[in-house]
Amino acid sequence: MTVNGWFQIFLFLVLILAVTKPLGIFMARVFNRERTFFDPVARPVERLLYRVTGVDENHEMRWTEYAVSMLMFSGVSMLLLYLIERVQQWLPWNPQKFGAVVQDLAFNTAASFTTNTNWQNYAGEATMSYLTQMAGLAYHNFTSAAVGIALAIAFVRGIARREKETIGNFWVDMTRATLWLLLPMCIVYALALVSQGVVQNLKPYDTVELVESQQVQKTGADGKPVVSPEGKPVMDTVTDQTIAQGPVASQEAIKMLGTNGGGFFNANSAHPFENPTPLSNYLQMLSIFVIPAGLTYTLGRMTGSQRHGWAVWAAMAFLFLCGVTTAYWGEARGNPLLKGADQQVSATQPGGNMEGKEVRFGIADSALFATVTTDASCGAINGWHDSYTPLGGMVPLANIMLSETVFGGVGAGLYGILIYVVLAVFIAGLMVGRTPEYLGKKIEAYDVKMAMLVTLVFPLVILALAAISSVQGFGTSSISNPGPHGLTQILYAFTSMAGNNGSAFGGLNGNTLWYNTSGAMTMLIGRFFMIIPMLAIAGNLAKKKYVPPSLGTFPVTTPLFSVLLVGVILIVGALTFFPALSLGPILEHLLMSAGKTF
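Keep in mind that what you see is a predicted model, and the values were worked out from it rather than measured. (Residues numbered from 1 in each chain as written. Predicted model: local features only at pLDDT ≥ 70, side-chain atom pairs only at ≥ 80, totals over all residues. Heavy atoms only, no water.)

Trainee: So what's going on with the state of the cysteines? Residues and values would help.
Mentor: In total, this model carries zero disulfides according to the counting rule given. The cysteine Cys186 is free of any disulfide, with Cys378 supplying the nearest cysteine sulfur at 12 Å. Its relative accessible area of 4% is what places Cys186 among the buried residues. Owing to a relative accessible area of 0%, Cys378 belongs among the buried residues under this scheme. (Disulfide = S-S within 2.5 Å. Buried < 20%, exposed > 50% of the residue type's maximum accessible area, 1.4 Å probe, protein only.)

Structure, rendered in structure tokens:
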């Protein structure tokens, strides 16, 4: 670990803190429908959209109508993406002449991008046409992010309103999230990325001759290496290379700002066409956190308790620092099994475990990126998580297991941590022997039941499917390592999909009928089965009367509340997942420390 590394980490948090208030104020004004500087541009477009689609912008929805609207929109969008993938060979902007995406992979991808997961069981530059990338995947990057923001605002309204039956209008919230927030930010951001060298064009791929021919192992139609009857690898001579390109910057911008994570290229943000410079790398990390952080200030402003918004931000920031410190330490100390590798810091060597990392980013920026992208359910990567040390790789996994509470995805992070706020307030009420209260609303049995339903659905789907995959041949045949690391690969896959993150331990081959199908169902459950109970809580809170605070009310604006909130999140996560982690990365770490291979 170096001074420069720590400086970059703390500078990152300071910059996120600096942008939280101005962006939070802007979002509060947008969703309260107050006038903003962007109204002259966005408001005419908004009116036109409502006129064309027949939306009554003044119509308020109960939570059930809000949920149905969201589900119908997501379902139709998912079907549209599936159809685009299946017929892309007949559609324009396909200079590489890619064929139709196979059924199970198309289903998995459609579910993935609809749920803001962006799990990819394919190489984008070798599978998807330009039209599919733009009209299919990038479109869902915008809409899934906008849906998440709309849901978070609906929850905040449920907290803020008193004796109301409604929590807003889904179509208005989603439209405003897109027109006022995502589109303008992405236009500016995409141009900034282009200035750094990120590719943006519609040209066919280029083919260039290699300076020196290369011998590579031949791969079969199934994507597996070919071996001779004697068991020796069958080699091919490669004399040229295909340079993939396309509309990358436009997709990269919303991929990061919308905490989507699905890259244009298979190498994601480790690819120099997606992330060419240290500055572009830093901008990408910052862009992942800006909207989730700003929403905490929006929470405080819309509920009339700004100190509560900062208390939630502080809890998130503490968990982020714990994660990045552990990941940085784990990677900087290196891997004792690599006895012949120089893992000491020097003028020509960054030190630590550089396996699977880009030299231009090094240990600190790789550990920071891995922490940020899994805190925020983004899933973009600039290094191979599968190549991290056991404890370093456990940090991204544990981050996702905390259920989008450390800043989290756009919108999803806020309503994810608010579920734990409800539980923390309930526990605090039990401690003092009073009915729990949250910002003037009594937390009752119905609210706690819905909150517990959210916290139980998430681990149930992860642990059940991971258990099946770890004992059945259709699951274990996809892992690249036996023993505890193989278990971690499977556990990471279902955790990432259920948490709508999308990153992976890349040693697992997910492009099989089992993982495509079970993964798609996991992503849909992880998104929508957790949203519906959340909206039920929002609708129930909106109907309640305001109860003035008394001497027995537990304040949710103090450092003590932040400590309680962090404690509840960590205890629930540990009780749920520690047994699985102990058989995976923790056991792998003990074996590594003992100098044993696995």
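So much for the structure itself; the text now carries on.
Trainee: Can you break down the pattern of salt bridges residue by residue, with the values?
Mentor: Under the definition given, this model contains 15 salt bridges. The salt bridge involving Glu331 is made with Lys357; its shortest N-O contact spans 2.6 Å. One end of the pair, Glu331, is in helix α10 (residues 306–332); the other, Lys357, is in the loop between α10 and α11 (362–375), and 26 residues separate them in sequence. Each member of the pair, Glu331 together with Lys357, is buried. The partner of Glu437 in a salt bridge is Lys442, and the shortest N-O contact between them spans 3.5 Å. A network of salt bridges, in which partner residues are shared, links Arg33, Arg43, Glu46, Glu57 and Arg176. (Salt bridge = Lys/Arg side-chain N within 4 Å of Asp/Glu carboxyl O. Helix = DSSP H or I, 4+ residues; strand = E, 2+ residues; numbered from the N terminus.)

Trainee: How would you explain the packing of aromatic side chains if you had to name every residue and give the values?
Mentor: Scanning all chains against the criterion turns up 26 aromatic pairs. Ring geometry for Phe12 and Phe289: centres 5.5 Å apart, planes at 50°, overall tilted. In this pair, Phe12 sits in helix α1 (residues 3–31) while Phe289 sits in helix α9 (residues 278–303), placing the two residues 277 residues apart along the sequence. Relative accessible area serves as the criterion here: at 0%, Phe12 is assigned to the buried category. Using a relative accessible area of 0% as the deciding quantity, one classes Phe289 as buried. (Phe/Tyr/Trp six-rings, centres within 6.5 Å; stacked < 30°, edge-to-face > 60°.)

Trainee: So what's going on with unusual backbone geometry? Which residues, and what values?
Mentor: Phi is positive for Ser377, which is not a glycine, with a value near 50°. Within the secondary structure, Ser377 is located in the loop between α11 and α12 (390–401).

Trainee: Go over the side chain of Asn169, please, and point to the residues and values.
Mentor: Mapped onto the elements of the fold, Asn169 is located in the loop between α6 (130–160) and α7 (170–196). Residue classification places Asn169 among the buried positions, given a relative accessible area of 4%. Of the polar contacts made by the side chain of Asn169, one reaches the backbone nitrogen of Trp171; its length is 2.9 Å. In this structure, Asn169 is in contact with Asp56, His59, Met61 and Tyr66, ignoring residues within four places of it in sequence. (Polar contact = N/O pair within 3.5 Å; in protein donor to acceptor, adjacent residues only side chain to side chain. Contact = heavy atoms within 4.5 Å.)

Trainee: With reference to specific residues and values, describe the packing of α1 against α9.
Mentor: Relative orientation of the contacting elements α1 and α9 amounts to 45°, with a least axis distance of 6 Å. Judged on the interaxial angle alone, α9 and α1 are oblique. As α1 packs across α9, the resulting crossing turns out to be right-handed. Here the contact of α1 with α9 is built from residues that sort into 19 nonpolar, six polar and two charged. (Axes fitted to C-alpha atoms, helices over the stretch in contact; angles between N-to-C directions. Parallel < 35°, antiparallel > 145°, perpendicular 65-115°, else oblique. Left-handed = near helix turned anticlockwise from the far one by under 90°. Nonpolar A, V, L, I, M, F, W, Y, C, P; charged D, E, K, R; others polar.)

Trainee: Run through the environment of Val421, naming residues and quoting values.
Mentor: With respect to the helices, strands and loops of the structure, Val421 is situated in helix α13 (residues 412–432). Sequence spacing of Val421 and Leu564 is 143 residues, and the spatial spacing of their C-alpha atoms is 9.2 Å. For Val421, the contacting residues outside a window of four places in its chain are His308, Tyr438, Phe561 and Leu565.

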